[in-house]
Structure formats: structure tokens, C-alpha cells
Amino acid sequence: MPKINILPEEVYRLIAAGEVVERPSSVVKEMIENSLDAGAKNITVEIKNGGSSYIRITDDGCGIERDEVKKVFVSHATSKIENSDDLDSIATLGFRGEAMASIAAVSRVELLTKSENESIGTRYVVAGGEEKEFDDAGCPAGTTIVVRDLFFNTPARMKFLKKDVTEGNSVNGIIERMAISHPDTSFRFIRDSKQILVTPGNGSLKDAIYSVFGKDFASSLIDVDYSVNNMHVSGVVTKPSASRKSRAMQFFFINSRLVKCQTAMAALEQAYKNSIMVGKFPGCVLNIECDTAFVDVNVHPAKIEVRFANERPVFELVYYGVKSAIQTGDTPKEATFRDRSTAKPFVETASGRLDLFKRRDDDATQIEFKQKSNNSFWNVASADNATPQRVEAYTDALEELIKEEKQAEKAEAEKTEPELDIPDFRVVGEAFKTYIIIEIESSLYLIDKHAAHERMNFEKLKSSEVIASQVLLTPVTVRLESSEYTAVCENLELYRKCGFEIENFGNNTVIVRECPSMLDGEDVGDLIIETASKLLEGKTDITPEQLDWIYHSTSCRAAVKAGDYTSPYERELFVKRLLSMPDIRYCPHGRPVMIKMSKYDIEKQFGRQG
């Protein structure tokens, strides 16, 4: 039998640290929780190099008495609980007494603190769990903790840290969640000497959300305030019309503690059933207040998981709270119309989409016609105001251009297009503005035009060496959740291969300047959110799989939609193109694009077959 060893203190400290301190963001989370438990109303977080080399957190909480300072870094020392009975009624964010000891075991820590009733502060330095300095310090009431060189004595842990930008985004995500869970506390985040976030700390949840997630998300919210079964849920949910392609904007808190709660998530989405489209999800910031004896937060060292004495009351609380909020707070979606004076009419030609737009010079407004494929321009007219002559000039130029394009298209087709082996068919019509009905020999075929078009787009993207893209006249700004933002920023080259030109704008925001030419620019924002969510779900570096996700989403959004009107001429061309691609049988999601019904089977249904 192997000899049983009693581990040295420095070893079991490192093991304990591994359960609590995974990365810089877990250090920030633990220290912010301590600041909030100390009653801080202003918290400043500063990091450098993603937090791996430098983390500083300053608060204006109650501070720590000098004779208590050394206890902060002793394992299992805490001011939050005294005996086992206290575990049944934990009301603070921290309580284990492990965090600071674990952080100090794997970094160099400097603590500056002063309580209000002390005339001078205290400075305490610990490195690798060993005391280095203990002295007087001039500092305001409150606490400042500086953590340097995280994992300096555990290089094996250091190598598992991700890029600085990824670790920094993770820290940003923690601060965002803390800020919206405590709107009465002002948070300030400084990243590599640049201020990233400031929240007002005025107690308004919507003001905190506006500061963290921006105007678009904040303007889509409905208030939730509901009580049942001696429990209360408060916060906000998004209007059904503002649903998203992922669950990334769902935030749940139990007594202001950030948690993962499958019960609450299921109740939320059940409340939205029949109010949002399949495949879309509501966003929320919901805080559930309940008796501390009803919930067990002592489940996992990270304190992100909780266990309820009974799940059903939690489900009912969230479900009925959200349901009533939607019924009373949702309003019909308002229609928006483009200003006709600035609208951009277009015409499809062989060279691509042509857009008409206005460009203001110093002296006059010029209306120009832009061909996106080669970026050349035709000046149509120039005047201070629109005139009949100006319109006539534009019309003449447009007709001439279309004529030239059609000639070029015909010549190109005659020169390059091979003879297609397409069976004789007759378009019978269209059912429900969704299924094109055709007749081939002695059979009828129903074609799902969206599924078929989606697959044709998908095959076109996959077979293209270079995907044609279009410059967006108005770049699309997309605000993302922290993890989504990281996924997009880490895959900019991947998006570029798929026809997107995306710029990292900072503060969880990206700007899309180009997109595949088959897309409508209005779909771009949702598509970026959807593909970011898929990249997060996959958590894989296998590029072909990632490309397929983006191709799927792009193809779907570029395809004609069920219910859209298609003219007889368009149906004819559509069917001809589909039949020229005999390998297409299913859409990228696996649904059939065409169903066959033989004349024999139809006649059998009518009793014509003996």
C-alpha cells in the first residue's frame, strides 16, 4: 500500500487555490463580492494585460481594522459566518473564507485599508502566501487590493490562461454582471489605462443597464415586479419584438447573487411561448428575492450554482411575473419607414446591385449611381434642389445603364454558361406563397422555395473561392454580450473569409462595414449575434465547422422567405436554377426542398385506379 503523506501547507494552499482562482476574472469576482459585502458604494477596478500582471480594486466600504488585517489571508477565516447554523441563512456574497487566502497563495498581493474610526491606515504585503511587509499607510477609509503576477509560482496554471484580450473580456463580463445586480453601487472599470465602463450607482436598474449594454437593449425593456409564495421577482425583460438569437442576454440573480438557474430560464422562456419566433430567446435581468433558508448557495466553490428546497415555487414566480409583465407592458411594434428623400432605390443587374444615394459636397448635392462590383460612378445630375430636369437626367442615365448591363449579361451568358440538362417542366402555380408547384412528366412536385433557395445559397458560398461582398453605405454597429464579443473578435479572419469586414470598436461593440452581396444589410446585426452564439456553443477551432455555421446563417437570411410574393417569371427562373442542381435535396438544416407526388398516387386517392 502506498504511504499516506500529510501535504505541506504550501501545497494544500495551491490545491485550494485551484478550486477558487481559475483566471483573472475569478479573482475580480471574489474581491468585488468582498467590497459589496463591506457596503461599498463606489468600486473601481483596474487591470493590465487581461489581469494576469495587474489587478487593482478600490472601494469605499467599511475598511478592515488593523488587528484584523492578517486574518484576511488565513484560510477559512471569514467575518460572514460563525457556526454551522449560519450556513442555513447566508445573506452575504462571500462566506467561505477561502478567496483571499487562495489569491495570495498564487500571486503577490498588496492591501491598503483603513476603517472610519482609525486615524491611519494599514499596508500589508503577501507573496505566495508568505507575509512580506506590515506597516502604517496614509489612505482614505475603505480598502484597496492590488494583485500582481497571478500564478507566478504555478507556471503550469499560467500556461492555461488565454490571450490578454480574452481574459480582459472575461473580467469585463464579471463587472457588467455585478453592476446590473447592484445598481445602487457605482462601478468604474479601467483596462490598460483606458476607462471602459462607468455606471451611475443611483439605484436605477435601467440606468445601470443603459451604461452597461447600451441604448438599444435598454430601450427594449419591460419592468417586472411580482410577488407570490412569499417570494418576489423584480427587474426587466425584453419585449417579444426585441428577442435575440441566443440566451447570452439572460441574467438571473438570487438575492443579488449572480447564478445559473435552469428553473428560472425555463420559466422565462415558457412565459414567452407563442409570443416570439421559434429559435429566438428573450433577454432579462431578474433578481429573485427569497428567504435565505429556502436556497442553498454552498454548492460549489465558485458560488455560481445554487440549490432550492423546492423548484416549483421558483418556476411559478418567474413564469407568472414575466407573463403578467408582457401582457401589461408590451406594446405593438411600431412600423418604421424610410424617408423617401434619402431612400436608396436599387436595380439588380449582371454586375450586381446598383444603389442610388446622395453624397453632399461642399457646394451642392450630387445624386450618383454606384456600381458596387467595380466601385465606378456615373454622375446623374447636380442641383441645389430636385427638379424635373434632374429626374429626367437620372431616368435617362438609368435606362442607358440597364441596357448596357443587359447586353453585357447576355454576351457573358452566351460565352460562359454551359448547356444545362434540365427536364421539361411546367410551373402550375404557388400554394400559400411558400410552395411552388411544378409538373414534370407524370408527377407533381412541391418545392419549398425558402429551403431550396437557402440550400442554393449555401452551395454557392461553399464553392466560392472568394465570396463577393458589398460595402454597406451605413456601417452596422452591433453591441454584444462579453462572451459573444470575444468570440467575434477572435474570429475576425474567419468572418472575412465569409465575406464580412468587421472592425473591433471596443466596449463590447463591433462595426460591420462589408457583408456578402446576397444579404440585405438590415439582417446583418442579427446574423452577427446568431453566429457569435454558435461559435460559443461549439467552442472549437475547427475552421470548416465554423465556416459552415456562418454559411448556414448567411444562406438562411439571404433566401426568399415563406410568404414572400414571387412573380410567375421569378418562379420560372427559380425552378430552372433548382433543377440544374440535381444534388440539392435538403436545406442546410436537413429539411427536404422538394416533395414528389406521382400521377398514379393522386389518381388512386380519387379512386381512378382499379
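Quick notes on the rules
- Counting restarts for each chain, with residues numbered from 1 along the sequence as it is written.
- Given that this is a predicted model, residues contribute local features only at a pLDDT of at least 70 and side-chain atom pairs are listed and counted only at 80 or more, while totals for whole chains, interfaces and linings are drawn from all residues.
- Excluded from the side-chain calculations are hydrogens and water; all other atoms, namely the structure's heavy atoms, are used.
- Only protein chains enter the calculation, and the probe is 1.4 Å; a residue is then buried if its accessible area is under 20% of its type maximum, exposed if over 50%, and partly exposed in between.
- Counting from the N terminus, the helices are the DSSP runs of H or I reaching at least four residues and the strands are the DSSP runs of E reaching at least two.
- Convention adopted: a line fitted to C-alpha atoms gives each axis, helices being fitted over their contacting stretch, and angles between N-to-C directions are expressed from 0 to 180 degrees.
- Definitions for this section: a left-handed crossing has its near helix turned counterclockwise from the far helix by less than a right angle. A right-handed crossing has that turn clockwise.
- The contact criterion used is simple: two residues touch if any of their non-hydrogen atoms lie within 4.5 Å.
- Amino acid classes used here: Ala, Val, Leu, Ile, Met, Phe, Trp, Tyr, Cys and Pro are nonpolar; Asp, Glu, Lys and Arg are charged; the rest, including Gly, are polar.
- Each pair of strands is called paired provided DSSP finds at least two bridges between the two strands.
- Aromatic contacts are taken between Phe, Tyr and Trp rings whose centres are within 6.5 Å, Trp giving its six-membered ring; a plane angle under 30 degrees counts as stacked, one over 60 as edge-to-face, and the others as tilted.
- By definition, being over a ring means that NZ of Lys or CZ of Arg is both within 6 Å of the ring centre and within 35 degrees of the ring normal.
- To qualify as a nonpolar core, a set must consist of buried Ala, Val, Leu, Ile, Met, Phe, Trp, Tyr and Cys residues joined through side-chain atoms within 4.5 Å.
- To estimate the expected span of a helix, subtract one from its residue number and multiply by 1.5 Å.
- Polar contact criterion, stated in full: a pair of N or O atoms within 3.5 Å, where within protein one must be able to donate a hydrogen and the other to accept it, and residues adjacent in sequence count only if both atoms are side-chain atoms.
- The term salt bridge refers to a pairing of a side-chain nitrogen on Lys or Arg with a carboxyl oxygen on Asp or Glu at a separation within 4 Å.
- Should an angle lie under 35 degrees it is considered roughly parallel, over 145 roughly antiparallel, and from 65 to 115 roughly perpendicular; all remaining angles are considered oblique.
- Residue-level confidence of the predictor is summarised by pLDDT, bounded by 0 at the bottom and 100 at the top.

## Quick look at unusual backbone geometry
- Positive phi values are uncommon outside glycine, yet serine 193 reaches one of about 70°.
- Looking at serine 193, the relative accessible area reads 61%, which means it is exposed.
- Of note, serine 256 is a non-glycine position whose phi angle comes to about 70°, a positive value.
- Position of serine 256 among the secondary structure elements: in the loop between strand E11 (250–254) and strand E12 (257–259).
- Look at serine 256 and you get partly exposed, because its relative accessible area is 22%.

## Quick notes on the packing of helix H8 (residues 262–271) against helix H9 (residues 311–329)
- Close contact between H8 and H9 brings their axes to 8 Å; oriented N to C, the two are set at 35°. Judged by the sense of rotation from one axis to the other, the crossing of H8 with H9 is right-handed. Mapping the contact onto sequence places Thr263, Ala264, Ala266, Ala267, Leu268, Gln270 and Ala271 in H8 and Glu311, Val314, Phe315, Val318, Tyr319, Val322, Lys323 and Ile326 in H9.
- Classifying every residue of the contact of H8 with H9 by side-chain character gives 11 nonpolar, 2 polar and 2 charged.

## Section: the sheet that holds strand E13 (residues 284–289)
- Read across the sheet, 5 strands follow the order E9-E10-E13-E11-E12 without closing on themselves; strand pairing throughout is mixed. The open sheet has two free edges, formed respectively by strand E9 (221–228) and E12, since each of these has just one partner strand. For this sheet, the mean inter-axis angle between neighbouring strands, taken without regard to orientation, is 20°.
- By the bridge criterion, 5 bridges tie E11 to E13 in an arrangement that is parallel. The partner of phenylalanine 252 across the bridge, within E13, is leucine 286.
- Helix-sheet contacts for helix H5 (residues 164–181) involve E11, E12 and E13, and the interaxial angle to E11 is about 60°.

## Comments concerning the sheet that holds strand E25 (residues 509–516)
- Pairing within the open sheet is antiparallel, and its 3 strands lie in the order E23-E25-E24. Two strands lie at the open edges of the sheet, namely strand E23 (469–479) and strand E24 (501–506), each paired on one side alone. Going from strand to strand, the sheet's axes swing by 15° on average, the running direction of each strand aside.
- Bridge analysis of E23 against E25 gives 7 bridges, and the strand direction is antiparallel. Across the sheet, residue valine 476 finds its bridge partner in E25, namely valine 512.

## Quick look at the packing of aromatic side chains
- Following the criterion strictly, the structure yields 7 aromatic pairs and no others.
- Measuring from centroid to centroid gives 6.0 Å for tyrosine 495 and phenylalanine 500, while their planes differ by 90°, and the two rings are edge-to-face.
- Owing to a relative accessible area of 1%, phenylalanine 500 belongs among the buried residues under this scheme.
- An aromatic cluster is present here, built from Phe73, Tyr124 and Phe134 joined pairwise through their rings.
- When the ring centre of tyrosine 54 is taken as reference, the NZ or CZ atom of lysine 48 above it lies at 5.0 Å.
- Between arginine 108 and the ring centre of phenylalanine 152, over which it is positioned, the NZ or CZ distance is 3.9 Å.

## Quick notes on the nonpolar core
- One finds Val28, Met31, Ile32, Val45, Ile175 and Ile209 to be the most contacted residues of the largest nonpolar core, which totals 49 residues.
- Top element by residues in this core is H5. It accounts for 6 residues.
- The next biggest cluster of nonpolar side chains, apart from the first, holds 30 residues, and it includes Val237, Ile254, Tyr272 and Phe294.

## Some remarks on helix H2 (residues 24–37)
- When the terminal C-alpha atoms of H2 are compared, their 20 Å separation across 14 residues agrees well with the 20 Å that a helix rising 1.5 Å per residue should span.
- Most of H2 is tucked away: 12 of the 14 residues are buried.
- For H2, the complete set of buried residues consists of Pro24, Ser25, Ser26, Val27, Val28, Lys29, Glu30, Met31, Ile32, Glu33, Ser35 and Leu36.
- Phi turns positive, to about 85°, at glycine 39, one or two residues after H2.

## Some remarks on the side chain of serine 181
- You can see serine 181 is positioned in helix H5.
- Taking relative accessible area as the criterion, serine 181 reaches 11% and is therefore assigned buried.
- In terms of polar contacts, serine 181 uses its side chain to reach the backbone carbonyl oxygen of methionine 178, at 3.0 Å.
- A polar side-chain atom of serine 181 sits 2.8 Å from a polar atom in the side chain of histidine 182.
- Those residues in contact with serine 181 that lie beyond four places of it in its chain are Phe253 and Ser256.

## Notes on the pattern of salt bridges
- The full count for this structure, using the stated rule, is 23 salt bridges.
- Note that lysine 29 and glutamate 33 form a salt bridge whose closest N and O atoms lie 2.9 Å from each other. Here the residue lysine 29 and the residue glutamate 33 both occupy positions in helix H2, the gap between them amounting to 4 residues, near one helical turn.
- Residue classification places lysine 29 among the buried positions, given a relative accessible area of 10%.
- Between glutamate 481 and arginine 177 there is a salt bridge whose closest N-O contact spans 2.4 Å. Taken together, the positions of glutamate 481 in the loop between E23 and helix H12 (482–489) and arginine 177 in helix H5 put the pair 304 residues apart, joining distant regions of the chain.
- With a relative accessible area of 18%, arginine 177 lands in the buried category.
- In the salt-bridge network here, residues are joined through shared partners; they are Glu110, Arg123, Glu133 and Arg148.

## Details of the environment of valine 322
- On the secondary structure map, valine 322 appears in helix H9.
- Between the C-alpha atom of valine 322 and that of alanine 271, which follows or precedes it by 51 residues, the distance is 6.2 Å.

## A word on H5
- For H5, built from 18 residues, the straight-helix expectation of 26 Å at 1.5 Å per residue is met to within 8% by its first-to-last C-alpha distance of 26 Å.
- For H5, the tally of buried residues reaches 16 of 18 residues, placing the bulk of the element in the interior.

## A short note on the packing of H2 against H5
- Running from N to C, H2 and H5 cross one another at 25°; their axes reach a closest spacing of 8 Å. By the angle class used here, H2 and H5 are roughly parallel. Between H2 and H5 the crossing geometry is right-handed. In contact with Pro24, Ser25, Val28, Lys29, Ile32, Glu33 and Leu36 of H2, H5 contributes Glu167, Ser170, Val171, Ile174, Ile175 and Met178.
- Per-class residue counts for the contact of H2 with H5 are 8 nonpolar, 2 polar and 3 charged.

## So, the confidence of the model for the protein chain
- Averaged over every residue, the pLDDT of the protein chain is 77; residues scoring 70 or more account for 72%.
- Across the protein chain, strand E1 (residues 42–48) holds the top mean pLDDT of 97, while strand E17 (residues 352–360) sits lowest at 37.
- Between residues 80–91, whose pLDDT stays under 50, and residues either more than four places distant or in other chains, the model counts 18 contacts.
- Ignoring residues within four places in sequence, the model shows residues 335–386, a span with pLDDT below 50, making 99 contacts including any to other chains.

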